[in-house]
Amino acid sequence: MEKQIVIIGAGASGLLACKYALNIGLNPIVFEAEDRIGGVWSHTLESTRLQNTKEIFQFSDFPWPPSITDTYPTHTQVMEYFESYAQHFNLFPCIKFNSKVIGIDYVGVSVEEMESWALWGGTGKPFGTEAKWHVEVQDTKNGSIQVFHTEFVVLCVGQFSGLPNIPEFLPNKGPEVFKGKVMHSEDFSALNNSTAAELIKTKRVTIVGSHKTAADIAAECANANGVKYPCTMIQRNAHWFLPSDKLSGLLLGFLYFNRFSEFLVHKPGETFLLSFVATMLSPLRWGISKLIETYLRWNLPLKKYGMLPKISFLEDVSACQIAMLPDKFYDRVEEGSIIIKNSQILSFCEEGLIIDGENQPIETDVVIFATGFKGDEKLRNIFESPVFQNNIMGSPTSTVSLYRQIIHPRVPRLAIIGYNENFSNLGRSEIKSVWLSQFLDGNLELPSIRDMEKEANMWADHIKQVTGRYFRRACISNSSIWYTDQLCRDMGCNPRRKKGFLVDLFIPYAPTDYAGLTSK
């Protein structure tokens, strides 16, 4: 009997999960709600560039074409890269486009029986029982619904799309009293170029947000309208931005994302010796953070324009909050085509927005919320069972606890790829997909549910401690190599991927270091 597997989402993680499932002889079905691949990249502005250098953001066995010479490729180049990858590995026949998964339900076993299991799924194996996942899929063109049955589901839905995070307002203080247009950044980014350009042309645009998307939209509006119709960017909490130059990528790589940098931080499950070393080196960790802060203060007019963060660079990088500025961003601020304002509280009026400390409203025509997404709720809502919903996200203060950041101990025959955030999401999603393929092929064994929960909770506690109020982003950037080493050991691979002690210690790891992982 053929083993059945469904993959939900055709972003980078979904493409990788599909490719490695094909490698072990499975015939996966990939459901994608949009009419193209790319995931979150299919909902970004045309002017958006990679946050990572192309050496860090690439598939291990599919390099960027020589024609791409930019350090930070453009949106179009990234989408073409994804298309080429899917074409090269013949992934398109597996993908069903315009197919939105609106719910999944595990049928054939009672809740009481699942609660009695000592091993994941009852047997610890990915296949082989009568129970099935029922996957409810809606055709986004005609609205028809079809139910597919499968033994295993891989969720590749990501955090940064699908369920916008819109601030709540008091009665008569929200968008309903505003005479202009209000939208979320996802809706704006989904517009085609001409429609988006027409929307903001000769308009007073106000963007609510303080991160990469907000800065990108502000730059787009400034380029379109100049100083005659300036764009206002309202931020609640300023974050550290890096200039989009090669030096910034090198700084992050050599100071934060090599093996030596992880000796400076505490890691989940570390030995007493490693804990002692991290404690002793904490002054160095603090010094590196302050060095970068001084460099950025010196090179960017952060204080002048109210963009100096209140938190340290170390806190921001540990929570995956670091972003790259759009080209010539501060030139636009200097000339007055971008106006930066800071406010913890805002409300709508008929003419625009009212913020702290200003008596007059900000008169505007269009308000765009670049306020992120509720990725954990989106993940939770895909399950029809209240039991699984509670397992995934039990309370507002809990995070999604996954064994090896892939499998939930209490959700059988399901894996999640691409949920955790990292400085190099593509590379980590590939290694997770390799690990999952080895498990699906019977080459890995899972421990008991109790031991899986112990490991998952240990990492969840670590993430909450390191990332603070941003724990829902599930960032593991400061322990990324430590985490990848675990996956390598699970698969019987040498985690030391570079030749030479000093090279392995100080040179940042890239996806190409893990090429052909299971064949060695």
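Residues numbered from 1 in each chain as written. Predicted model: local features only at pLDDT ≥ 70, side-chain atom pairs only at ≥ 80, totals over all residues. Heavy atoms only, no water.

Where do I start with the domain arrangement of the protein in this structure?
By domain assignment, the protein separates into domain 1 (4-162 + 374-514) and domain 2 (175-243 + 300-369). Placing a centre on the C-alpha atoms of domain 1 and another on those of domain 2 gives a separation of 31 Å. Carbon and sulfur atoms make up 51% of the area that domain 1 and domain 2 hide from each other, which totals about 1,700 Å². Between the two partners, domain 1 and domain 2, sit one salt bridge. Asp 327 is paired through a salt bridge with Arg 49; the nearest N and O atoms lie 3.9 Å apart. (Domains from an automatic or database assignment. Buried area = accessible area lost by both parts, 1.4 Å probe. Salt bridge = Lys/Arg side-chain N within 4 Å of Asp/Glu carboxyl O.)

For this particular structure, what's the right way to read the sheet that holds strand E14 (residues 346-348)?
Through backbone hydrogen bonds, the strands of a sheet pair up, either in parallel or in antiparallel fashion. The antiparallel open sheet is built from three strands, whose spatial order is E14-E15-E16. Of all strands in the sheet, those bounded by a partner on one side alone are E14 and strand E16 (362-363). Examined bridge by bridge, strand E15 (residues 352-355) and E16 share two bridges and lie antiparallel to one another. Looking at E16, one finds that Gly 352 is bridged to Glu 363. (Pairing = 2+ DSSP bridges. Helix = DSSP H or I, 4+ residues; strand = E, 2+ residues; numbered from the N terminus.)

Would you mind showing me how to read helix H5 (residues 193-200) here?
Side chains of residues three or four places apart in an α-helix project in the same direction, reflecting 3.6 residues per turn. Buried within H5 are the following residues: Ala 196, Leu 199 and Ile 200. Buried residues of H5, viewed axially, fall in a sector of 85°; they line one side. In this structure, H5 carries Ser 194 and Glu 198 as exposed residues pointing more than 90 degrees from its buried face. Residues of H5 that are buried make contact with strand E8 (181-184), helix H4 (185-190), strand E9 (205-208), helix H6 (212-225) and strand E17 (366-369). Of the residues one or two after H5, Thr 202 is the one with positive phi, at around 50°. (Buried < 20%, exposed > 50% of the residue type's maximum accessible area, 1.4 Å probe, protein only. Arc of directions from axis to C-beta. Contact = heavy atoms within 4.5 Å.)

I'm lost on the packing of aromatic side chains in this one. Help?
Centre-to-centre distance and the angle between the planes together describe a pair of aromatic rings. According to the stated counting rule, one finds 33 aromatic pairs in the structure shown. Between Phe 127 and Phe 152 the ring centres are 6.2 Å apart and the planes differ by 50°, which places this aromatic pair in the tilted class. One end of the pair, Phe 127, is in the loop between helix H3 (111-116) and strand E5 (132-139); the other, Phe 152, is in strand E7 (residues 152-155), with 25 residues separating them in the sequence. Here Phe 127 falls in the buried class, since its relative accessible area comes to 10%. For Phe 152, a relative accessible area of 0% gives the class buried. Ring pairs connect the aromatic residues Trp 41, Phe 57, Phe 59, Phe 62, Trp 64, Tyr 81, Phe 82, Tyr 85 and Phe 89, which therefore count as one cluster. In this structure, Lys 19 packs its charged tip against the face of Phe 89, placed 4.6 Å from the ring centre. Note that Lys 267 overlies the ring of Trp 482, its terminal NZ or CZ placed 5.6 Å from the centroid. (Phe/Tyr/Trp six-rings, centres within 6.5 Å; stacked < 30°, edge-to-face > 60°. Lys NZ or Arg CZ within 6 Å of the ring centre and 35° of its normal.)

Explain the nonpolar core to me, please; I cannot follow it from the model alone.
It is characteristic of soluble globular proteins that their nonpolar side chains tend to be buried jointly. Core analysis: the largest hydrophobic core is formed by 94 residues, its most contacted members being Phe 82, Ile 104, Phe 152, Leu 155, Phe 383 and Trp 435. When neighbours within four sequence positions are excluded, Trp 435 is seen to be in contact with Tyr 403, Arg 404, Ile 406, Ile 407, Leu 444, Leu 446, Leu 487, Asp 490 and Met 491. (Core = buried A, V, L, I, M, F, W, Y, C linked by side-chain atoms within 4.5 Å.)

Explain the state of the cysteines here, please?
A covalent bond bridging the sulfur atoms of two cysteines is what the word disulfide describes. A complete count under the given rule lists one disulfide for this structure. Each disulfide pairs two cysteine sulfurs, and for Cys 320 the partner residue is Cys 475, the sulfurs being separated by 2.0 Å. Handedness here is read from the sign of the S-S torsion; for Cys 320 and Cys 475, about 65°, the answer is right-handed. Residue Cys 320 is located in the loop between helix H10 (313-318) and strand E12 (323-324), and its partner Cys 475 is located in the loop between helix H15 (449-467) and helix H16 (480-490); the two are separated by 155 residues in the primary sequence. Per residue, the accessibility class of Cys 320 equals that of Cys 475, and both read buried. Cys 231 takes part in no disulfide bond, and the closest cysteine sulfur, belonging to Cys 221, lies 4.4 Å away. Residue classification places Cys 231 among the buried residues on the basis of a relative accessible area of 1%. With no disulfide of its own, Cys 488 lies closest to Cys 493 among cysteine sulfurs, the gap being 5.8 Å. Judged by relative accessible area, Cys 488 falls into the buried class, the value being 0%. (Disulfide = S-S within 2.5 Å.)

Would you mind showing me how to read unusual backbone geometry here?
Both trends apply: most residues other than glycine have a negative phi, and most peptide bonds are in trans. Residues other than glycine seldom take positive phi values, yet Asn 90 does so here, at roughly 55°. Phi angles above zero are rare outside glycine, and Cys 320 is one such case at about 60°.

How do you make sense of the sheet that holds E8 when you look at a structure like this?
Spatially, the five strands line up as an open sheet ordered E8-E17-E9-E10-E13, and their pairing is parallel. Two strands lie at the open edges of the sheet, namely E8 and strand E13 (338-342), each paired on one side alone. The average undirected angle you get between the axes of adjacent strands in this sheet is 20°. As paired elements, E9 and E17 share four bridges and run parallel to each other. The residue of E17 that forms the bridge with Ile 207 is Ile 368. (Axes fitted to C-alpha atoms, helices over the stretch in contact; angles between N-to-C directions.)

Can you help me understand the side chain of Gln 486 in this one?
Among the structural elements, Gln 486 can be located in helix H16. For Gln 486, a relative accessible area of 12% translates into the label buried. Filtering out sequence-adjacent residues up to four positions away, Gln 486 remains in contact with Arg 404, Glu 455 and Trp 459.

Hey, could you run me through H6 in this one?
Relative to the 20 Å expected for 14 residues at 1.5 Å per residue, H6 spans 20 Å between its end C-alpha atoms, a close match to the ideal helical length. When you tally the buried positions in H6, you get 10 out of 14 residues, the bulk of the element. When we look at burial in H6, the residues that qualify are Lys 212, Ala 214, Ala 215, Asp 216, Ile 217, Ala 218, Ala 219, Cys 221, Ala 222 and Asn 225. Among the residues trailing H6, Gly 226 stands out with phi positive, at a value near 65°. (Expected span 1.5 Å × (residues − 1).)

Would you mind showing me how to read the packing of helix H1 (residues 12-23) against helix H2 (residues 75-88) here?
In a pair of packed helices, the angle between the axes and the distance between the axes together describe the arrangement. In the contact formed by H1 and H2, the axes pass within 11 Å of each other and the chain directions differ by 15°. Regarding the angle of H1 to H2, the classification is roughly parallel. Read as a crossing pair, H1 and H2 show a hand that is left-handed. Each of Ala 12, Leu 15, Leu 16 and Lys 19 in H1 lies in contact with H2, whose residues at this interface are Phe 82, Tyr 85 and Ala 86. (Parallel < 35°, antiparallel > 145°, perpendicular 65-115°, else oblique. Left-handed = near helix turned anticlockwise from the far one by under 90°.)

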